[in-house]
Amino acid sequence: MPDDLHALSPLDALRAILGPAGLLTAPEDLAPYLSDWRGLYTGEAMALLRPASTEEVSACVALCAKHGIAIIPQGGNTSMVGGATPESRPGQVILSLARMNRVREVDALDMTMTVEAGLVLTRAQEVAAEHGCLFPLSLGAEGSAMIGGLLSTNAGGNTTVRYGNARELMLGLEVVLPDGGIIHGLRRLRKDNTGYALRHLFVGAEGTLGIITAAVLRLFPAPRETVTALCAVPSEDAALSLFRRFRAADEGAVRAFEYMSGTGMGMVFATIEGTALPLSNPVNHYVLVDLTASREGAGLRTLAETVLEAALIEGEIEDAILAESEAQRASLWRLREEHPEAQKRTGANVKNDVSVPVSHVPEMIRRCSEALREMIPGSRPVPFGHLGDGNIHMNLVQPEGMEPSAFLARSHDIMDCVNAIVRDLGGSFSAEHGVGRLKTDMMEEWRGGAELAAMRAIKAALDPRGIMNPGKVLPGG
Ligand code: FAD
Ligand code: 2HG
Ligand code: ZN
């Protein structure tokens, strides 16, 4: 920290580091950063810091550490668990990575891309494509979510079944530690067993251990053939059987395998303009499958038709449509990706981002739906999501006509009900959205004992003053 900053108040010193464009304090400028996408939380901050370089992040963090000022890192602010929203207490700052959005390097031979944390996911996908490659992470919030936020939540999305979560797509990281020190770990090595794999500590840490400022991402060959099918299936078990069929036909080809319920699809048609069912009859269960290959002439369409025909004969599907154009493919995917927005528009809803072993998905959906309907008569279970990796969003929408606040007052009962079944099936209460602020009180029960103690020890070692994203992930943290 330069000596001349010592004489200034913390806010003036931060302003001196960042310049006028880099620090905002007006309430109207701060407002969009103080609330979360779901509308669950609104917090307080004395300033929004907008650093433009790793050195600026480091200088800001060192200054905040000196004064004990809490820092809430924020990317696209699309967290589903209130992870990027400050608590309601004075004297904190939000640190937005939005100005750090440069692509530092793309290497199509090494198949890597070195980017800053504020790069929006769609832009990362575009840059990869411009170099004839694929960056495969894909999710509904991709137009806003940023690389730093995606890595910090270890986001999953639609392509985990083939490419893994954000963690598997990262080779190296640059991180500013809670004392302002910088880990220069932007290595693009496929093999690097050099002591503890520190980079992995920051993936999924939700900003509680430091600030990711840049990352080396893995790239893949660009797809040259893509086939998308929407299938109507008679049951959850049939959806799983269809997954097995596609995997057996060509495991490497399945890019996404998503489940949707008739209830969820109905909400999309009712609330999202320009959507309609492209099949003859509405049913209770749907599957959206994407197959891709990196070589032309892979015969994916024939493969899909063969699998679907066999499934039809066995009664595992009732109807299906294969996209005939890129526009039709996009419209089929829209039916899937509008699920969160459609539920929001339909009424108050409680989200359960859970995972179970893939083989238990049908049982989980059935048991949870039944238990939830029994618990709150008239409530509408909306299970949907990433069947291919075992992560289903076991959401519940309020009964029609019920006071939203009365429904939301039951949130914890609803989550407990789902979690008990998920636990019984060997699953997790926190699959891809993280713990954030919403689920800290579940950590003791699910990760208590030695596991939570180890997490606390890591937090205390790296962030002894507890300035990094307080109140997130660890109970009482
Ligand atoms: P933010 O919301 O800004 O932050 C998320 C967390 O990371 C916070 O704890 C924050 O403090 C921390 N953080 C942010 N940037 C940094 C940084 N540079 N260094 C350290 N910590 C940081 N998630 C999925 O996994 N799969 C999905 O399919 C999916 N779909 C979604 C669809 C919609 C419509 C929405 C609104 C969200 C969805 N999400 C999904 C949730 C969300 O987790 C992801 O969008 C993404 O991981 C968050 O990125 P972000 O840049 O918005 O991060
Ligand atoms: C998705 O898969 C996201 O669309 C959001 O993870 C899930 O709204 C949800 O519950
Ligand atoms: Zn999801």
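Residues numbered from 1 in each chain as written. Chains lettered and ligands numbered in written order. Predicted model: local features only at pLDDT ≥ 70, side-chain atom pairs only at ≥ 80, totals over all residues.

Per an unreviewed UniProt entry, the chain goes by the name FAD/FMN-containing dehydrogenase and belongs to Roseococcus suduntuyensis. In the Sequence similarities (unreviewed entry) part of its UniProt record, the chain is described as follows: "Belongs to the FAD-binding oxidoreductase/transferase type 4 family." In its Cofactor (unreviewed entry) section, the UniProt entry covering the chain states "FAD". (UniProt positions renumbered as here; feature names shortened; annotations may be inferred.)

## Regarding the site of ligand 1
Surrounding ligand 1, one finds 38 residues, the nearest of these being G75, G83, G148, G149 and G207. Contributing elements (two or more residues each) for the shell around ligand 1: strand 3 (71-74), helix 5 (147-153) and strand 10 (211-218). Tallied by class, the residues present in the shell around ligand 1 amount to 16 nonpolar, 19 polar and three charged. Lining the shell around ligand 1 are residues from two domains, each supplying at least three of them: domain 1 (3-96) and domain 2 (103-221). (Near = placed C-beta within 6 Å. Helix = DSSP H or I, 4+ residues; strand = E, 2+ residues; numbered from the N terminus. Nonpolar A, V, L, I, M, F, W, Y, C, P; charged D, E, K, R; others polar. Domains from an automatic or database assignment.)

## Here we look at the pairing of strand 14 (residues 285-293)
In terms of residue burial, strand 14 counts as a mostly covered element, since nine of its nine residues are buried. Along strand 14, one buried face is formed by H285, V287, V289, L291 and A293 and the opposite face, lined by Y286, L288, D290 and T292, is buried too. (Buried ≥ 20, exposed ≤ 12 C-beta atoms within 10 Å, placed from the backbone.)

## Details of the UniProt feature "domain: FAD-binding PCMH-type" (unreviewed entry) in the chain
UniProt tags residues 41-222 as "domain: FAD-binding PCMH-type" (unreviewed entry). Counting secondary structure, residues 41-222 comes out at 22% helix and 24% strand; the distance between its end C-alpha atoms is 40 Å.

## Quick word on the environment of A117
Within the fold, A117 resides in the loop between strand 6 (112-116) and helix 4 (121-130). Residues A117 and S96, spaced 21 residues apart in sequence, show a C-alpha to C-alpha distance of 9.8 Å. If we ignore the near neighbours within four places in the chain, the residues touching A117 are G75, L97, M100, M146, I147, G148, I212, T213 and A214. (Contact = placed C-beta atoms within 7 Å.)

## Quick word on the sheet that holds strand 10
Ordered by their spatial adjacency, five strands build an open sheet running 5-6-10-8-9, and the pairing between neighbours is antiparallel. A single partner strand is all that each edge strand has here, and the edge strands are strand 5 (103-107) and strand 9 (182-185). Taken pair by pair, the neighbouring strands of this sheet meet at an average axis angle of 15°, ignoring direction. Across five bridges, the pairing between strand 6 and strand 10 is antiparallel. Residue pairing for strand 10: M113 is matched across the bridge by L217. (Pairing = 2+ DSSP bridges. Axes fitted to C-alpha atoms, helices over the stretch in contact; angles between N-to-C directions.)

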